[in-house]
Amino acid sequence: MTEGGFVVAICQHGGEFTSGPNGNLIYKGGEAHAVDVSREMSLDSFKDEVSKVFHVDVTDMSFKYFLPNNNRTLITISCDRDLQRMVDFTASAAQADVFVISRVENRSVVTYTGASTVKAGSNAHGDKRKRTASKNKASKSNKKTASATGVVVQADTNDLNQPTNDLNQPTNDLNQPTSDINQPRALVTLNDYNEDFPLEFGHDVAFPTTAGAVSSAPDDLNHDKLALVDTTQREPTGFFDDAVNAYDGSDIIIDPPQELTNNPALFWEDIIKGVGQEFDNVKDFRAQLCKYSIGKGFVYRFIKNETTRVTVKCVADGCTWRLHASESSRNKKFVIKKMTDEHTCGGEGGEGQRRATRQWLTTIIKQKLRENSLLKPKDLVKEIHEEYGVMLTYSQVWRGREVAQKEMFHVQREASGHLPWYGERLMQTNPGSILDLSEFSENRRFIFAFHASLEGFASGCRPLLFLDKVPLKATNEYKLLVAAAVDADDGVFPVAFNVVEDDNYENWVWFLMKLRIALQYHNYPLNAMTFLSNGQKGLDAAVAHAFEGSHHAFCLHHIMEEFKGELKKGPWSQQIRDAMVEDFTRAAQACSIDDFNASIESIRNISTEAADWIIASKPEHWSDAIFRGCRYDHFSSNIVDAFNNWIPTKKEGSMVLMVDSLRTKIMETIEARREACKSWEGPLTPSIDYKAKDEITKAGKLTVLCSSETVFEVRGSGIFVVNLANCECTCRRWQLSGLPCMHVIAVCNRIGRSFYEYCSKFFTTDSYRQTYSGTIYPIPDMDTLDFSAAAMVPPPRPRTSDKPRRKRFNPNKPTTLIRLCSRCKQVGHNKATCEAAFL
């Protein structure tokens, strides 16, 4: 053994295994990092070190290594003892090759119908574009089978002026009979134990889009003609039964039924969706879990209740309902990791006793006190029991009312004093800024934006806005909505913020309408706007309502997480699931309809239900092949996670301090980036120039044929047509990203022109400097506001006139009444103790 019991573990991740000439396994590709491993190190500590060096979440990964002189069998590290054995076995070599791969992967090659090549440990990233495989390469593993019924989208490559191809040209006739259209088909695959077993799927399932949802897709888009969707209406069967409405967008109820109005708890029955659902923090998760249990009518207890992980189960003996959530290492949000959503105790019928938390009780009491501030504790006890089925004592409600009144006083104090004062100072120091308090007293919401942010977006940012909610760590009393952009160097640039009590449809519409007015004031063209969001909480309909004619893209990361959650319900191995996720990613990043169909067909060869789930998730909002807007290669709305650390936790309790902390952070960011760009000399910003250099390297291998002064034919792995006059290339990468592709660069090299002339103006250094040309000025006299704890206590309530004041006895008060003895008429005693002689 090495000195001190250490070996050097060469950890490798992201590559793939291939078979050598002697039957041994060879690992190729990926990246490698060295980690010191001692015999006393635990497996959890080792995983933490690996996670830090690779910057990935290793929760779903497995660690394997080879024994010395044996490259045919992989040994799994599953506990602390296995890690000690690895150190002992490799002590003579002083080093060990450790492979970080998928948890269930103990084989090097898996073959199945239509799957794609899978790299060990590979993950799909929703926020970065991966180059899709060529058309010919993709078609090798995506051949049609006789059982794949439906129609295929045809690409019309003749019209270069349309951003997407014609989606209404079918290639076959659905009316033609097919011999095995209703016959189940068998698929031989591998389970987690390397055993072959057949999977039989019944009829193909066509999942419709969410009824009533507002879509910004073009009118000629037909979901029945997307990637082999069977148009026959059948009952859904399979592992995606509970996901018929895949990726529901706006959950808006215009006229709720009477039973929902009388019983608000019915809204909470679906507040917990399942595995993969994200929450802002552990407090938000606990609050939603409390509402969910009240709506369902059961009681839970905590198995683990920590700031980074929570495990709960139903209190009934033998009930299988269980839920586990923990903090994600990727974006620090709280995510449901495991959930058994079935009650065997029968306690889900809504008749059981509910469990309420102090936060939930305070929220409910505040809502009721806003309607009637004279409600007494006994009245609140009665109403809460009638509406929510929660039995509370008088003292619990009394204490909850005290907390609610204190919080309401704090909000009212800021609304009537601090916020108007701050808004007045903001207008004086930063003219053109916005702080609209017109609806704060009634609807508890206000919008604020700084003039430098609005002017910077209108001057130099691309017409792309990211909409999301900024998670607050210390409070759940209100939510912070944000509209952010990206500058010419792909840096996050905040535009406007909105403080609300809940991120619902009404608040999003109000926020976007106010933002629209502000942009119109700066003469910004609204018809070319593209929005990127998760599409939930009413955002799908709100964007279409506030910005008519704009384009709305859905965050690919959120859809991907839901898709992974649905795949875990099936019998597929981890490698097959990874292959379908990779195909899903290629479908999202496909530039043509043919590539999109090839990726979906590859998934359909494995599972018809999975492919139909993807089609029902509105690909016109997330696939480049169909989406009509321009996202500039941004697929995820998670860039707003950059605002997580902009607001100190101690300042979240005050809305004024929160707004001012954002002002300070934006002021420092603008100044720092303005100073940094002074040394830039090239026409493009550094990050964009780095991307362009990669395309320049690829362009040197292409052959250019001249057709006219502006039209050229470029030959390489395929034949592409470049039209410089219309800024178009048939690969569509130029139109989608705004940056010339390798075909355009090859043409520019041929004619002796600089490709910088054909780059979008939103990538230039001049646009970057215009974005940060404005200045946010300080606000004086902030120290004159009183934010102490004593200032947050409401004054005592005056007694009502209809109740008499109670007379209290003070034992320390001196006696003023003189009592005399009835016999001798003297002071100090009475008749019973009188010593005077009786006459």
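Residues numbered from 1 in each chain as written. Predicted model: local features only at pLDDT ≥ 70, side-chain atom pairs only at ≥ 80, totals over all residues. Heavy atoms only, no water.

Per an unreviewed UniProt entry, the protein is named SWIM-type domain-containing protein, and its organism is Triticum urartu.

A. Fine view of the overall build of the protein. Scanning the protein from terminus to terminus reveals 21 helices and 23 strands. Looking at the protein as a whole, 48% of its 839 residues qualify as buried. A separation threshold of at least 6 residues defines the contact pool for the protein, and within that pool the share at least 24 residues apart is 66%. About 41100 Å² of surface is accessible on the protein, with carbon and sulfur atoms providing 49% of the total. (Helix = DSSP H or I, 4+ residues; strand = E, 2+ residues; numbered from the N terminus. Buried < 20%, exposed > 50% of the residue type's maximum accessible area, 1.4 Å probe, protein only. Contact = heavy atoms within 4.5 Å. Areas by Shrake-Rupley, 256 points an atom, 1.4 Å probe, with all protein chains shown as cover.)

B. Molecular detail of the sheet that holds strand 19 (residues 551–554). Pairing within the open sheet is mixed, and its seven strands lie in the order 13-14-17-16-15-18-19. Two strands lie at the open edges of the sheet, namely strand 13 (434–436) and strand 19, each paired on one side alone. For this sheet the average axis-to-axis angle between neighbouring strands, irrespective of direction, equals 20°. Bridge count for strand 16 (residues 479–486) against strand 17 (residues 492–500) is eight bridges, and the pairing is antiparallel. Within strand 17, the position partnered with V482 by the bridge is F497. Here helix 10 (residues 451–460) sits on the sheet and contacts strand 13, strand 14 (446–449), strand 15 (464–470), strand 16 and strand 17; the angle it forms with strand 17, its principal contact strand, is near 130°. Against the sheet, helix 17 (residues 655–676) makes contact with strand 14, strand 16 and strand 17, and its axis sits at roughly 175° relative to strand 17, the strand it touches most. (Pairing = 2+ DSSP bridges. Axes fitted to C-alpha atoms, helices over the stretch in contact; angles between N-to-C directions.)

C. The sheet that holds strand 11 (residues 322–327), seen in detail. Judged by pairing direction, the sheet is antiparallel, and its five strands sit side by side in the order 8-12-11-10-9 without closing on themselves. Strands at the two margins of the open sheet, each flanked by one partner only, are strand 8 (278–279) and strand 9 (300–305). Direction of pairing for strand 8 relative to strand 12 (residues 334–340): antiparallel, over a ladder of two bridges. Bridging across to strand 12, E278 finds its partner in V335. Packing of helix 5 (residues 282–296) onto the sheet brings it into contact with strand 8, strand 9, strand 10 (309–314), strand 11 and strand 12, and relative to strand 9 it is tilted by some 160°.

D. Expanded view of the pattern of salt bridges. Taken as a whole, this structure holds 24 salt bridges when the rule is applied. A single salt-bridge network, built from bridges that share partners, covers K368, E383 and E387. (Salt bridge = Lys/Arg side-chain N within 4 Å of Asp/Glu carboxyl O.)

E. Expanded view of the pairing of strand 4 (residues 70–77). In this sheet, strand 4 lies alongside strand 3 (residues 61–67) in antiparallel orientation, the contact comprising five bridges. What sits directly across from F66, in strand 4, is L74. In textbook terms, the turn of a hairpin is the stretch between consecutive antiparallel strands, and for strand 3 and strand 4 this stretch comprises two residues, one of which, N69, has a positive phi near 65°.

F. Highlighting the UniProt feature "domain: SWIM-type" (unreviewed entry) in the protein. Feature annotation in UniProt places "domain: SWIM-type" (unreviewed entry) on residues 720–752, given in this structure's numbering. The annotated region residues 720–752 carries 45% helix and 18% strand content, and the separation between its end C-alpha atoms amounts to 20 Å. (UniProt positions renumbered as here; feature names shortened; annotations may be inferred.)

G. Local environment of the state of the cysteines. Applying the stated criterion across every chain yields a total of zero disulfides. As a non-bridged cysteine, C729 has C731 as the owner of its nearest cysteine sulfur, 3.5 Å distant. A relative accessible area of 0% places C729 in the buried class. Looking at the unpaired C741, the closest cysteine sulfur is the one in C731, lying at 3.6 Å. (Disulfide = S-S within 2.5 Å.)

H. Spotlight on the nonpolar core. By size, the foremost hydrophobic cluster in this structure holds 104 residues, and its most contacted members are F446, F448, F457, L480 and V495. With eight residues, the top contributor of residues to this core is helix 11 (residues 505–521). Ignoring sequence-local partners within four residues, the contact set of L480 consists of F448, D468, K469, V470, F497, N498, V499, I647, M658 and L662. Core analysis: the next-biggest nonpolar cluster, separate from the first, contains 36 residues, L323, I365, L380 and Y388 among them. (Core = buried A, V, L, I, M, F, W, Y, C linked by side-chain atoms within 4.5 Å.)

I. The packing of helix 15 (residues 593–604) against helix 16 (residues 608–616), seen in detail. One way to put it is that helix 15 packs onto helix 16 with a least axis distance of 7 Å and a crossing angle of 145°. Of the residues in helix 16, those touching helix 15 at F596, I600, I603 and R604 are T608, A610, A611, D612, I614 and I615.

J. The arrangement of the environment of K564 in detail. Counting through the fold element by element, K564 comes out in helix 13 (residues 556–567). Between the C-alpha atoms of K564 and R577, which are 13 residues apart in sequence, the distance is 7.7 Å.

K. Representation of the packing of aromatic side chains. Applying the stated criterion across every chain, the model contains 29 aromatic pairs. With 4.6 Å between their ring centres and 45° between their planes, W680 and Y768 make a pair best called tilted. On the criterion of sequence distance, the pair formed by W680 in the loop between helix 17 and helix 18 (686–699) and Y768 in helix 21 (residues 765–771) is long-range, its members being 88 residues apart. Using a relative accessible area of 18% as the deciding quantity, one classes W680 as buried. Taken together, the ring pairs connect F563, F584, F596, W613 and W622 into an aromatic cluster. When the ring centre of F547 is taken as reference, the NZ or CZ atom of R516 above it lies at 5.7 Å. When the ring centre of F627 is taken as origin, the NZ or CZ atom of R631, which lies over that ring, is 5.3 Å away. (Phe/Tyr/Trp six-rings, centres within 6.5 Å; stacked < 30°, edge-to-face > 60°. Lys NZ or Arg CZ within 6 Å of the ring centre and 35° of its normal.)

L. Unusual backbone geometry, seen in detail. For K618, which is not glycine, the phi dihedral falls at a positive 60°. Take K618: it is sitting in the loop between helix 16 and helix 17. Positive phi values are uncommon outside glycine, yet D633 reaches one of about 65°. By the secondary structure assignment, D633 is in the loop between helix 16 and helix 17. Given a relative accessible area of 19%, D633 falls into the buried group.

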